[in-house]
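# Working through the structure, step by step
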Amino acid sequence: MKRVLMVCLGNICRSPLAEGILQSKIAASEVSVDSAGTASYHVGNLPDPRSVEIANHYNIDITGQRARAFTSQDFSNFDLIYAMDLSNYKYLLGLAKNKTDRAKVHLILNELFPNQNREVPDPYYGGTQGFEEVYQLLEAACSMIAIKLT
Ligand code: 4NP
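All of the points below concern the structure found in this document. (Residues numbered from 1 in each chain as written. Predicted model: local features only at pLDDT ≥ 70, side-chain atom pairs only at ≥ 80, totals over all residues. Heavy atoms only, no water.)

Let's shift gears to the pattern of salt bridges. As a working rule, side chains carrying opposite charge can pair if their charged atoms are close by. This structure, assessed with the given rule, holds eight salt bridges. For D74, the salt bridge identified is with R68, shortest N-O distance 3.0 Å. Looking at D74, the relative accessible area reads 3%, which means it is buried. We classify R68 as partly exposed; its relative accessible area is 23%. Residue D101 is joined to K97 by a salt bridge in which the shortest nitrogen-to-oxygen separation is 3.4 Å. (Salt bridge = Lys/Arg side-chain N within 4 Å of Asp/Glu carboxyl O. Buried < 20%, exposed > 50% of the residue type's maximum accessible area, 1.4 Å probe, protein only.)

Where burial is concerned, the two faces of strand β3 (residues 80–83) agree: the one with L80 and Y82 and the one with I81 and A83 are both buried. The sheet contact formed by strand β1 (residues 2–8) and β3 spans four bridges and is parallel. The residue of β3 that forms the bridge with L5 is I81. The sheet contact formed by β3 and strand β4 (residues 105–107) spans three bridges and is parallel. Bridged to A83 within β4 is L107. (Helix = DSSP H or I, 4+ residues; strand = E, 2+ residues; numbered from the N terminus. Pairing = 2+ DSSP bridges.)

Close contact between helix α1 (residues 14–25) and helix α6 (residues 128–149) brings their axes to 9 Å; oriented N to C, the two are set at 40 degrees. Here α1 lies oblique to α6, going by the angle between them. Remark: the crossing between α1 and α6 carries right-handed chirality. Taking contact as the criterion, the partners of R14, L17, A18, I21, L22 and K25 in α1 are, on α6, V134, Y135, L138, E139, C142, S143, I145 and A146. (Axes fitted to C-alpha atoms, helices over the stretch in contact; angles between N-to-C directions. Parallel < 35°, antiparallel > 145°, perpendicular 65-115°, else oblique. Left-handed = near helix turned anticlockwise from the far one by under 90°. Contact = heavy atoms within 4.5 Å.)

Closest axis-to-axis distance for the helix α2 (residues 49–57)/α6 pair is 10 Å, and the angle between their directions is 55 degrees. Taken together, α2 and α6 sit at an angle that is classed as oblique. For the element pair α2 and α6, the recorded crossing hand is right-handed. Within the contact between the two elements, α2 uses R50, S51, I54 and A55 and α6 uses F131, E132 and Y135.

Along the polypeptide, L93 turns up in helix α4 (residues 86–95). You can call L93 partly exposed: its relative accessible area is 28%. Measuring from C-alpha to C-alpha, the distance between L93 and T63 comes to 29 Å, with 30 residues separating the pair along the chain. Residues contacting L93, with those up to four places away along its chain left out, are R102 and V105.

Before going further, it helps to spend a moment on the pairing of strand β2 (residues 31–37). For β2, a buried count of five out of seven residues is recorded, marking the element as mostly surrounded by other parts of the structure. Sheet topology note: the β1/β2 ladder contains seven bridges and is parallel. Opposite L5, over in β2, you have D34 as the bridge partner. Between the parallel elements β1 and β2, the chain passes through α1 in a crossover that is right-handed. (Right-handed = clockwise from strand over helix to strand, strands pointing away.)

The subject of this paragraph is the packing of aromatic side chains. Scanning the entire structure with this criterion turns up three aromatic pairs. When the centroid spacing of 4.3 Å and the interplanar angle of 15 degrees are considered together, the rings of Y58 and Y135 count as stacked. In this pair, Y58 sits in the loop between α2 and α3 (74–77) while Y135 sits in helix α6, placing the two residues 77 residues apart along the sequence. Look at Y135 and you get buried, because its relative accessible area is 3%. Judged by centre distance (4.8 Å) and plane angle (80 degrees), the ring pair of Y124 and Y125 falls under edge-to-face. (Phe/Tyr/Trp six-rings, centres within 6.5 Å; stacked < 30°, edge-to-face > 60°.)

Structure, rendered in structure tokens:
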């Protein structure tokens with residue numbers, strides 16, 4: 001059973017979608033998926049209503065999720081840690097204690113566009129179109145991850 005952690009800044013927009021999408025593609029008995037943020041301003045909150053809405057539109061329910069902050073303990077609790085953008089990625093590498101920790105951290109869009117170091121744009125300050133774009137990027141990336149894990 002692989003344990004996958006999705007990480008963004010607030011854990012209310014991008015990583016909750018990534019968690020919900022990947023979970024929808026793989027049986028819960030085969031993978032455990034969680035998400036976390038590098039910042040703690042939204043800890044305990046539901047996902048952003050715009051993320052809830054776009055997920056709902058594609059028949060994925062993310063309303064059971066609550067935001068939490070990434071902790072260094074997560075390096076022990078997960079096998080694969082996917083960062084949404086370079087800022088999250090650098091933050092995670094900064095907390096990694098050794099090579100084993102570092103090897104777990106990946107930019108999620110490199111699953112889709114290998115070695116291009118592309119970022120999932122932060123949709124927080126934009127409009128609903130940004131959430132659709134984020135959804136499509138994560139849908140495609142999670143399809144690749146699901147193929148790798150099953
Ligand atoms: P997320 O989006 O990192 O995809 O959850 C954001 C959520 C909140 C903020 C920024 C980005 N914020 O500044 O509060």
